[in-house]
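Single-letter residue listing:
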Amino acid sequence: MNNIIERMRREKRILETDSDFPHLCEEVENTRRLIGELNMGYHTPDKVRVLLERIWGQTLDASVRMFPPFYTAFGKMTCVGKNVFINFGCTFLDQGGITLEDGVFIGPGVKILTEGHPEQPEIRHKLQTDLVVIRRKAWIGAGAIILPGVTVGENAIIAAGAVVTKDVPANTIVAGVPAKILRNINVTNYE
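Parameters and conventions
- Residues numbered from 1 in each chain as written.
- Predicted model: local features only at pLDDT ≥ 70, side-chain atom pairs only at ≥ 80, totals over all residues.
- Heavy atoms only, no water.
- Helix = DSSP H or I, 4+ residues; strand = E, 2+ residues; numbered from the N terminus.
- Rg over C-alpha atoms; globule rule 2.2 N^0.38 Å.
- Buried < 20%, exposed > 50% of the residue type's maximum accessible area, 1.4 Å probe, protein only.
- Contact = heavy atoms within 4.5 Å.
- Areas by Shrake-Rupley, 256 points an atom, 1.4 Å probe, with all protein chains shown as cover.
- Lys, Arg positive; Asp, Glu negative; His and termini not counted.
- Charge placed at Lys NZ, Arg CZ, Asp CG, Glu CD.
- Pairing = 2+ DSSP bridges.
- Polar contact = N/O pair within 3.5 Å; in protein donor to acceptor, adjacent residues only side chain to side chain.
- Disulfide = S-S within 2.5 Å.
- Salt bridge = Lys/Arg side-chain N within 4 Å of Asp/Glu carboxyl O.
- Expected span 1.5 Å × (residues − 1).

**Q** If you had to explain the overall build of the protein to someone new, which residues and values would you point to?
**A** For the protein, the helix and strand inventory stands at three helices and 18 strands. Expected size for 191 residues packed as a compact globule is a radius of gyration near 16 Å; at 17 Å, the protein falls within 12% of this value. For the C-alpha atoms alone, the extent of the protein along its principal axes is close to 50 × 45 × 25 Å. Relative to its 191 residues, the protein shows a buried fraction of 43%. Pairs at least 24 apart in sequence give 25% of the contacts found in the protein among residues at least 6 apart. For the protein, the accessible area works out to roughly 10100 Å², and carbon and sulfur atoms hold 55% of it. Positive and negative charge centroids in the protein, built from 22 and 22 side chains respectively, lie 4 Å apart.

Written out as structure tokens, the structure reads:
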């Protein structure tokens, strides 16, 4: 199983014609079982973190918090830093890779999508992926959607309901569909 994950982390797509494709499908099913367990009933913050470690395939800092439910189909391409908070009802489609750096806040109902499909009908069933990176201390507001290939800059704020289709500069607030820069933010260090 680690072979397919390592291949994917090296930006190698595993296509339906690949001999490892059945192993990818097995990994997806394993993740779906873990997601089912995570989303069923109450779990302590420590138990949530243990399940997320199994879903994401990484050791998490004790400062990482999530309020389930949470949805993902793969999970092994998500990398989470320290002091990250993920609120209720988020969806991460991560086969292209999702990085959440230290101090990121994710509001309820946020969707981070690294997966899409070509517009041409003849090949639309093929999966296209592109990395999403959320830099230090960025805040993604409730119901926002981050599309494949986007980097959200350090300290940036994505307003609730925004659809982010392109990179967001550090220290800015963006809003709307598609998201546009509203203004710069005051980045005084209060620590």
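Text resumes after the structure shown.
**Q** Tell me about the sheet that holds strand E18 (residues 180-184), and please be specific about residues and values.
**A** With mixed pairing, seven strands are arranged side by side in an open sheet as E1-E4-E7-E12-E15-E17-E18. What marks the edges here is a single partner per strand, and that holds for strand E1 (65-66) and E18. Two strands pair when backbone bridges link them, and strand E4 (residues 85-86) and strand E7 (residues 105-106) are joined in this way by two bridges, in the parallel orientation. Bridge assignment links Ile86 to a residue of E7, and that residue is Ile106.

**Q** Pulling in residues and values, what's your account of the side chain of Glu115?
**A** Relative to the helices and strands, Glu115 resides in strand E9 (residues 115-116). Taking the relative accessible area as the measure of exposure, Glu115 reaches 19% and is therefore buried. In this structure the side chain of Glu115 is engaged in a polar contact, spanning 3.3 Å, whose partner is the backbone nitrogen of Asp94. Leaving out residues up to four positions away in the same chain, Glu115 has contacts with Leu93, Asp94, Gln95, Leu127, Gln128, Thr129 and Pro148.

**Q** Talk me through the pairing of E18; I want residue IDs and the actual numbers.
**A** Within E18, only zero of the five residues are buried, which leaves the element largely exposed. As paired elements, strand E17 (residues 172-175) and E18 share four bridges and run antiparallel to each other. Residue pairing in the sheet places Ala175 in a bridge with Lys180 of E18. Linkage of E17 to E18, two consecutive antiparallel strands, is achieved through a turn of four residues, within which Gly176 is found at a positive phi near 100°.

**Q** Run through the sheet that holds strand E13 (residues 145-146), naming residues and quoting values.
**A** Strand order in the open sheet formed by five strands is E2-E5-E8-E13-E16, and the pairing between neighbours is parallel. With one partner strand each, in any of the chains shown, strand E2 (70-71) and strand E16 (163-164) form the two edges of the open sheet. Examined bridge by bridge, E13 and E16 share two bridges and lie parallel to one another. Paired with Ile146 across the bridge in E16 is Val164.

**Q** So, the state of the cysteines: which residues are in play, and what are the values?
**A** Counted under the stated rule, the structure contains zero disulfides. Of the cysteine sulfurs around Cys90, a residue in no disulfide, the closest is that of Cys79, at 17 Å.

**Q** Any chance you could break down the pattern of salt bridges for me, citing the residues and the numbers?
**A** The final tally for this structure, using the stated rule, is six salt bridges. The salt bridge involving Arg49 is made with Asp46; its shortest N-O contact spans 2.3 Å. Pair noted here: Arg49 and Asp46 are both in helix H3 (residues 45-56), with a separation of three residues, about one helical turn. Of the residues examined, Arg49 reaches a relative accessible area of 9% and is grouped as buried.

**Q** I'd love a proper account of the side chain of Arg49, names of residues and values included.
**A** Engagement of the side chain of Arg49 in a polar contact is seen with the side chain of Asp46, the distance being 2.3 Å. In contact with Arg49, not counting residues within four places along its chain, are Leu60, Asp61, Ala62, Val64 and Arg65.

**Q** Lay out the environment of Ala170 in plain terms, naming residues and giving numbers.
**A** Note that Ala170 resides in the loop between E16 and E17. Through-space distance from the C-alpha of Ala170 to that of Asn155 is 5.9 Å; in sequence the pair is 15 residues apart. When near neighbours in sequence (up to four residues on either side) are disregarded, Ala170 contacts Gly153 and Glu154.

**Q** Which residues make up H3, and what are the values?
**A** For an α-helix the count is 3.6 residues per turn, leaving residues at separations of three or four pointing the same way. Relative to the 16 Å expected for 12 residues at 1.5 Å per residue, H3 spans 16 Å between its end C-alpha atoms, a close match to the ideal helical length. Gly57, located one to two residues past H3, shows a positive phi value of around 70°.

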